[in-house]
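These are the residues of each chain, in order.
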Amino acid sequence: QVQLLESGGGLVPAGGSLRLSCTASGRPFHSYTMAWFRQAPGKNRECVAVIDWNGSKTYYPDSVNGRFTISRDHAKNTMYLEMNSLKPEDTAVYYCATHFPGNTMPTIPDEYSYWGQGTQVTVSS
């Protein structure tokens, strides 16, 4: 099993920045792919960033590419999402999740086994 704990959400004006953190415990940190998803009210959960087991490969959809950066620190068992130039449409609950094995990078929620509790990000216009 993997336990995930997110932090760092909050209220920020449009154009601002936030950094989300996701600290993992349980199975070895290097054994799984990690991702950030978000879900706005009335919408499906969507993938906003994926990182492979050692941080050498990342993926971003067009909606956040160039504004969001995913990273992971193996010494701290923590994954991060740096979000810049935030827009009101980025408002959502953000979740971190893990996928096994760590050398594949799916973007579909059903492919992920463990999830954090979510952290709210609100961007005001």
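Keep in mind that what you see is a predicted model, and the values were worked out from it rather than measured. (Residues numbered from 1 in each chain as written. Predicted model: local features only at pLDDT ≥ 70, side-chain atom pairs only at ≥ 80, totals over all residues. Heavy atoms only, no water.)

1. Focus: the sheet that holds strand β8 (residues 78–83)
Think of a sheet as strands paired side by side through backbone hydrogen bonds, with each pair either parallel or antiparallel. Pairing is antiparallel across the open sheet formed by four strands, whose spatial order is β1-β3-β8-β7. Strands at the two margins of the open sheet, each flanked by one partner only, are β1 (2–7) and β7 (68–73). Across the sheet, the axes of successive neighbouring strands diverge by a mean angle of 15 degrees, strand direction being ignored. Here β1 runs beside strand β3 (residues 18–26); their pairing, made up of six bridges, is antiparallel. (Pairing = 2+ DSSP bridges. Helix = DSSP H or I, 4+ residues; strand = E, 2+ residues; numbered from the N terminus. Axes fitted to C-alpha atoms, helices over the stretch in contact; angles between N-to-C directions.)

2. Re the side chain of threonine 98
Looking at the element boundaries, threonine 98 is found in strand β9 (residues 92–99). Beyond its immediate chain neighbours, meaning those up to four positions away, threonine 98 contacts Val2, Leu4, Tyr32, Thr33, Met34, Tyr112, Ser113 and Tyr114. (Contact = heavy atoms within 4.5 Å.)

3. Overview of the pairing of β9
Most of β9 sits inside the fold, with seven of its eight residues counted as buried. When strand β4 (residues 33–39) meets β9, the two strands line up antiparallel, connected through seven bridges. Looking across to β9, one finds that tryptophan 36 is bridged to cysteine 96. Here β9 runs beside strand β11 (residues 119–124); their pairing, made up of three bridges, is antiparallel. Looking at the pairing, tyrosine 94 lines up with threonine 119 of β11. Where β9 meets strand β10 (residues 114–115), two bridges bridge the pair, whose relative direction is antiparallel. (Buried < 20%, exposed > 50% of the residue type's maximum accessible area, 1.4 Å probe, protein only.)

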